[in-house]
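Each chain is listed here by its residues.
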Amino acid sequence: MLPNELRSQIIAVVGPERSLDSDNDRFTYSYDGSFVPLVPAHLPDLTVFPLNVDEVAKVVRLCNEHGVPLVPRGAGSGRTGGSIPVKGGVVLSLERMNRILEIDRKNMMALVEPGVRTIDLCKAVEAVGLFYPPDPSSWTVSTMGGNIAENAGGARAVKYGVTKDYVMGLEVVLADGTVITTGGKAVKNVTGYDLTHLFVGSEGTLGVVTKILVRLISKPEAKKTLLLMFATVDDASECVSDMLSSGIVPASAEIMDKTSIQAVARFRKVDIPAEAEAALLIDIDGPQKLLDDQAVAVAETGRRHHAVQIREAGTAAEADELWVLRRTMGPAVAAIAKNKIGEDISVPRAALPEMIRRLGEIGKKHGLTIAVFGHAGDGNLHPSILTDLSRPGARERVDEAVAEVFRAALDVGGTLSGEHGIGITKKPFIEEALGKGGVEALRAVKRALDPKGILNPGKIFE
Ligand SMILES: Cc1cc2nc3c(=O)[nH]c(=O)nc-3n(C[C@H](O)[C@H](O)[C@H](O)COP(=O)(O)OP(=O)(O)OC[C@H]3O[C@@H](n4cnc5c(N)ncnc54)[C@H](O)[C@@H]3O)c2cc1C
């Protein structure tokens, strides 16, 4: 419970019109895009919406002085419960700090506030011929601050990398309210520890990000989209490996299993050959004159791996139509069962067929359907467990299956998360992934930067 005097002091910083604490508002800021049950609810005591770094620093300082938890929040689209205030306290929503402050065309960089939506940055830089590649599927809602905190990735990661590959510098409010600036526009920079990348992926536990400097690249001249159908998932994943090792680096290489494809086919007309068990959606981009040859090479690789259907989009509209399959996959898969528990694991590319096989075995063992789709080009899969959690024993079966999914990922040399972070949902497994010493090293960093443990407590590790 927030002491009344502290509540009034915090409200005085941002003003009552940017402070919420009614029962309804507290509930609104108690959950995110994860699959964490809503009961019991994790209600914040107060949610505030600062407009600038001074307000952020004042609120953080007050919370630190009184040892009150403070949870930074972007759009709340996180998949691992990162912005859920599990210990109550103050939710600090950055959503109104949403200005693109600069697009520096000469240096090819952009400076933004943390509440800028990913898609808005992408569109703004594309309008001047530049390109910001990280494209999480949630980009129409997710914020740049959330992307930094989770080191978000997307379909284009196979060729262009993830958020960390573009962050040049940050402005961060530390737990005691000190404001620091890391990195900068100098491309080469070895001045002290690389604090910029310490904050990337730190899930709001080390500081509140208030400005973000990202590098941009030139917008690719042209793009082509191909959809390949295969009679086995193995053929599809082998095809991606073959493509990459023969020097074709697609901008995206998305894999989808039969359950996932059929889920979309329930509400959209999709041309699926009867024998298709898997699909690969491939984007290639670059200079127009090279694309036709690359498209031929992609199709040939597909044929070498027994593709049963190959479609190449002739126009941008046709490409969009092929991408509908992947873009609507999450909701479509969710619609075929009462509950969908979507996960995020990342394995070495060569282990993809083995991982997909193990997912099938885990599903069979627990009597659960597991739909599999994800970013095959970088080994990042999203297995989705489909079930009815109201059935007796279903929750326990799902929990066991999820634990086995994580262990299988570790076993084949992979990791707990490719892009969604650890938050609260994967916290029980972090020691298996990093070892005792590894987790203790994380704790040492946390203690050094946030000795009172006020920043997003209860996340990543206890
Ligand atoms: C349908 C759907 C599809 C998705 N697809 C993808 C995908 O393709 N790739 C991907 O990577 N993710 C994906 N996600 C997950 C999610 O969108 C990302 O993790 C995103 O980066 C979260 O951004 P957000 O603004 O919603 O952050 P929130 O959910 O509000 O917060 C996420 C974490 O960031 C911290 N945080 C937020 N802002 C700040 C800040 N300014 N300073 C410090 N910490 C901060 C929070 O405390 C929390 O720990 C998807 C989610 C959904 C619902």
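Residues numbered from 1 in each chain as written. Predicted model: local features only at pLDDT ≥ 70, side-chain atom pairs only at ≥ 80, totals over all residues.

**Some details on the overall build of the protein**
Thinking step 1. When its secondary structure is counted, the protein shows 15 helices and 19 strands.
Thinking step 2. Here the protein has a C-alpha radius of gyration of 23 Å; the compact-globule value for 462 residues is 23 Å, and the two agree.
Thinking step 3. Reported as C-alpha extents along the three principal axes, the dimensions of the protein are approximately 70 × 60 × 40 Å.
Thinking step 4. Counting the 462 residues in the protein, one finds 46% classified as buried.
Thinking step 5. Of all intrachain contacts in the protein linking residues separated by at least 6 positions in sequence, the fraction that spans at least 24 positions is 73%. (Helix = DSSP H or I, 4+ residues; strand = E, 2+ residues; numbered from the N terminus. Rg over C-alpha atoms; globule rule 2.2 N^0.38 Å. Buried ≥ 20, exposed ≤ 12 C-beta atoms within 10 Å, placed from the backbone. Contact = placed C-beta atoms within 7 Å.)

**A short note on the domain arrangement of the protein**
Thinking step 1. What the domain assignment lists for the protein is domain 1 (4-93), domain 2 (100-218), domain 3 (222-330) and domain 4 (337-411).
Thinking step 2. Centre-to-centre separation of domain 1 and domain 3, based on C-alpha positions: 43 Å. (Domains from an automatic or database assignment.)

**Describing the nonpolar core**
Thinking step 1. Grouped together as the largest cluster of nonpolar side chains are 61 residues, with contacts concentrated most on Leu-228, Ala-279, Leu-280 and Val-405.
Thinking step 2. Non-local contacts of Leu-228, meaning those with residues more than four positions away in its chain, are made with Cys-239, Ala-279, Leu-280, Ile-282, Gly-302, Ala-307 and Ile-310.
Thinking step 3. The next biggest cluster of nonpolar side chains, apart from the first, holds 48 residues, and it includes Val-56, Ala-57, Val-112 and Ile-454. (Core = buried A, V, L, I, M, F, W, Y, C linked by C-beta atoms within 7 Å.)

**Topic: the pairing of strand β19 (residues 380-387)**
Thinking step 1. Buried residues dominate β19, accounting for eight of its eight residues.
Thinking step 2. Pairing analysis gives four bridges linking strand β16 (residues 339-342) to β19, with the strands arranged antiparallel. When the bridges of β19 are listed, Gly-342 appears paired with Ser-384.
Thinking step 3. Relative to β19, strand β17 (residues 345-346) is paired through two bridges, and the arrangement is antiparallel. Opposite Ser-346, over in β19, you have Asn-380 as the bridge partner.
Thinking step 4. Once strand β18 (residues 369-375) ends, the chain turns through four residues before running back antiparallel as β19, passing Gly-379 with a positive phi of about 75°. (Pairing = 2+ DSSP bridges.)

**Brief notes about the pairing of strand β5 (residues 100-104)**
Thinking step 1. Where β5 lies against strand β6 (residues 109-112), four bridges are found, and the strand directions are antiparallel. Of the residues in β6, the one forming a bridge with Glu-102 is Leu-111.
Thinking step 2. Joining the antiparallel neighbours β5 and β6 is a turn of four residues, in which Met-108 adopts a positive phi near 55°.

**Focus on unusual backbone geometry**
Thinking step 1. Here Val-39 and Pro-40 are connected by a cis peptide whose omega angle stands at 0°.
Thinking step 2. Structurally, the position occupied by Pro-40 is in the loop between α2 (23-28) and β2 (46-48).
Thinking step 3. You will see that Glu-203, though not glycine, has its phi angle at about 55°, which is positive.
Thinking step 4. Tracing the sequence through the fold places Glu-203 in the loop between α7 (195-199) and β10 (208-215).
Thinking step 5. Here the phi dihedral of His-306 falls at roughly 65°; this positive angle occurs in a residue that is not glycine.
Thinking step 6. As for its position among the elements, His-306 is in the loop between α10 (288-304) and β15 (307-312).

**Considerations on the packing of helix α13 (residues 352-366) against helix α14 (residues 394-411)**
The relative placement of two packed helices is expressed as an angle between their axes plus a distance between the axes.
Thinking step 1. For the pair α13 and α14, the least separation of the axes is 10 Å and the interaxial angle reads 160°. On the basis of their axis angle, the class for α13 and α14 is roughly antiparallel. Viewed along their axes, α13 and α14 form a crossing whose handedness is right-handed. Contacts between α13 and α14 pair Met-355, Arg-358, Leu-359, Ile-362 and His-366 from the former with Arg-397, Glu-400, Ala-401, Glu-404, Val-405, Ala-408 and Ala-409 from the latter.
Thinking step 2. Among the residues forming the contact of α13 with α14, the class breakdown is seven nonpolar, one polar and four charged. (Axes fitted to C-alpha atoms, helices over the stretch in contact; angles between N-to-C directions. Parallel < 35°, antiparallel > 145°, perpendicular 65-115°, else oblique. Left-handed = near helix turned anticlockwise from the far one by under 90°. Nonpolar A, V, L, I, M, F, W, Y, C, P; charged D, E, K, R; others polar.)

**Some thoughts on the sheet that holds strand β1 (residues 19-20)**
Thinking step 1. The four strands are arranged β1-β2-β4-β3 in an open sheet whose pairing can be described as mixed. The open sheet has two edge strands with one neighbour each: β1 and β3 (70-73).
Thinking step 2. Bridge count for β1 against β2 is two bridges, and the pairing is antiparallel. The partner of Ser-19 across the bridge, within β2, is Val-48.
Thinking step 3. Sheet strands touched by helix α1 (residues 4-14): β1, β2 and β4 (90-93). Its angle to β2, the strand with the most contacts, is close to 20°.
Thinking step 4. On top of the sheet, helix α3 (residues 53-66) reaches β2, β3 and β4; it is set at about 165° to β4, its chief contact.

**Let's talk about the site of the ligand**
Thinking step 1. Taken together, 36 residues lie near the ligand, and Gly-74, Gly-82, Gly-145, Gly-146 and Gly-204 sit nearest.
Thinking step 2. Contributing elements (two or more residues each) for the shell around the ligand: β3, α5 (144-150) and β10.
Thinking step 3. Ranked by residue count, the leading element in the shell around the ligand is α5, at five residues.
Thinking step 4. For the shell around the ligand, the class distribution of residues is ten nonpolar, 20 polar and six charged.
Thinking step 5. Taken domain by domain, the shell around the ligand gets at least three of its residues from each of domain 1 (4-93) and domain 2 (100-218). (Near = placed C-beta within 6 Å.)

**Looking at the sheet that holds β5**
Thinking step 1. Strand order in the open sheet formed by five strands is β5-β6-β10-β8-β9, and the pairing between neighbours is antiparallel. Each edge of the open sheet carries a strand with a single partner, namely β5 and β9 (179-183). Each strand axis lies, on average, 10° off the axis of its neighbour in the sheet, ignoring direction.
Thinking step 2. One ladder, built from five bridges, connects strand β8 (residues 167-173) with β9; its direction is antiparallel.

**A look at helix α15 (residues 430-449)**
Thinking step 1. Here α15 is 20 residues long, yet its end C-alpha atoms lie only 20 Å apart, well below the 28 Å a rise of 1.5 Å per residue gives.
Thinking step 2. Along its length, α15 shows its largest kink, about 85°, at Lys-436. (Expected span 1.5 Å × (residues − 1). Bend = angle between axes of the 7 residues up to and from the residue.)

**Focus: the environment of Arg-397**
Thinking step 1. The residue Arg-397 is located in helix α14 in this model.
Thinking step 2. The exposure class assigned to Arg-397 is partly exposed, which follows from the 17 C-beta atoms found within 10 Å.
Thinking step 3. With 32 residues separating them along the chain, Arg-397 and Lys-365 place their C-alpha atoms 9.7 Å apart.
Thinking step 4. Non-local contacts of Arg-397, meaning those with residues more than four positions away in its chain, are made with His-366, Gly-367 and Leu-368.

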